[in-house]
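Observations on the three-dimensional arrangement
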Amino acid sequence: MQGRFPFEQAPGHLIRRAHQISVAVFTELMAEAGVTPVQFAILNVLMEEGGIDQVTLAARVAFDPATIGSVIGRLEKKAWLRRRAAEDDRRRKLLWLTDAGRQAVLAMVGGVDAVQQRILEPLEPAEKQQLTRLLAKLVTNHSRSGATG
């Protein structure tokens, strides 16, 4: 019989715990806005690039294309975005922020920045930069290999 696996120090476990902490901090600090991290990511992408389809949007925010429609539906109910069928293919849904959605995103940016600062609070400035750089490298490498989840 082999010894116990030290999962508490395993990168996968630590990344999962960091994700849980990230979502908890986001939920706490953004409670008044009533938005989830994925919803904010969607709104943020649409701030930059309106008129994209749901499949492209799902890829940009690294979210499951099969379930992004329900998230978009919740944002649509808040009147923060509008969805319209593409003229060339009625099955393709194109998305834009409404004026209310644009205002909501602008109002949230400071809070989302505070979330990022709170998440990294225990680290020294150089460590914050290093962690962010390493996480970006990890995500970029695995995205290229198709291991996006």
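Check the entry above for the structure.
So, how was this worked out
- Residues numbered from 1 in each chain as written.
- Predicted model: local features only at pLDDT ≥ 70, side-chain atom pairs only at ≥ 80, totals over all residues.
- Heavy atoms only, no water.
- Helix = DSSP H or I, 4+ residues; strand = E, 2+ residues; numbered from the N terminus.
- Lys, Arg positive; Asp, Glu negative; His and termini not counted.
- Charge placed at Lys NZ, Arg CZ, Asp CG, Glu CD.
- Pairing = 2+ DSSP bridges.
- Contact = heavy atoms within 4.5 Å.
- Axes fitted to C-alpha atoms, helices over the stretch in contact; angles between N-to-C directions.
- Core = buried A, V, L, I, M, F, W, Y, C linked by side-chain atoms within 4.5 Å.
- Buried < 20%, exposed > 50% of the residue type's maximum accessible area, 1.4 Å probe, protein only.
- Salt bridge = Lys/Arg side-chain N within 4 Å of Asp/Glu carboxyl O.
- Patch = residues over 30% accessible without salt bridge, like charges linked within 9 Å, V, L, I, M, F, W, Y side chains within 5 Å.
- Areas by Shrake-Rupley, 256 points an atom, 1.4 Å probe, with all protein chains shown as cover.

For the chain, the helix and strand inventory stands at six helices and three strands. Summarising its shape, the C-alpha atoms of the chain cover approximately 60 × 35 × 25 Å along the three principal directions. With 20 positive and 16 negative side-chain charges, the chain shows a spacing of 4 Å between the two charge centroids.

Our focus in this paragraph is the sheet that holds strand β1 (residues 52-53). Within a beta sheet, neighbouring strands are joined by backbone hydrogen bonds and run either parallel or antiparallel to one another. In spatial order, the strands read β1-β3-β2; together these three strands make up an open sheet with antiparallel pairing. In this open sheet, the two edge strands, each paired with only one partner strand, are β1 and β2 (81-85). Of the pairings in the sheet, the one linking β2 to strand β3 (residues 93-97) comprises five bridges and is antiparallel in character. Each residue of the ladder has a partner; that of R82, found in β3, is W96. Along the sheet, helix α2 (residues 37-48) contacts β1, β2 and β3; its crossing angle with β3, the most-contacted strand, is approximately 85°.

The next thing to look at is the nonpolar core. Among the nonpolar cores identified, the biggest contains 26 residues, and V35, I42, L43, L57 and M108 are the most heavily contacted of them. Among the elements of the structure, α1 (11-29), α2, α3 (54-60), α4 (68-77), β3 and α5 (99-119) are those that each provide at least two residues to this core. Other than its neighbours up to four places away in sequence, M108 contacts M30, A33, V35, F40, L43 and W80.

For the coordinates displayed, the defined rule picks out eight salt bridges. For R118, the salt bridge goes to E28, with nearest N and O atoms at 3.5 Å. One end of the pair, R118, is in helix α5; the other, E28, is in helix α1, and 90 residues separate them in sequence. A salt bridge links D89 to R91; the shortest N-O distance between them is 3.1 Å. Look at D89 and you get partly exposed, because its relative accessible area is 24%. Overlapping salt bridges, with partners in common, bring together E48, E49 and R60 in one network.

Another aspect to go through is the pairing of β3. A large share of β3 lies buried, amounting to four of its five residues. Here β1 pairs with β3 via two bridges, running antiparallel. The residue bridging D53 from the neighbouring strand is L94, located in β3.

Let us now look at the environment of D89. With respect to the element layout, D89 can be found in the loop between β2 and β3. C-alpha separation for the pair D89 and E127, spaced 38 residues apart in sequence, amounts to 48 Å.

Quick look at a nonpolar patch on the surface now. A contiguous nonpolar patch, built from I15, L131, L135 and L138 and spanning about 310 Å² of accessible area, is present on the exposed surface. Top element by residues in the nonpolar patch is helix α6 (residues 125-144). It accounts for three residues. For L131, the position within the fold is in helix α6.

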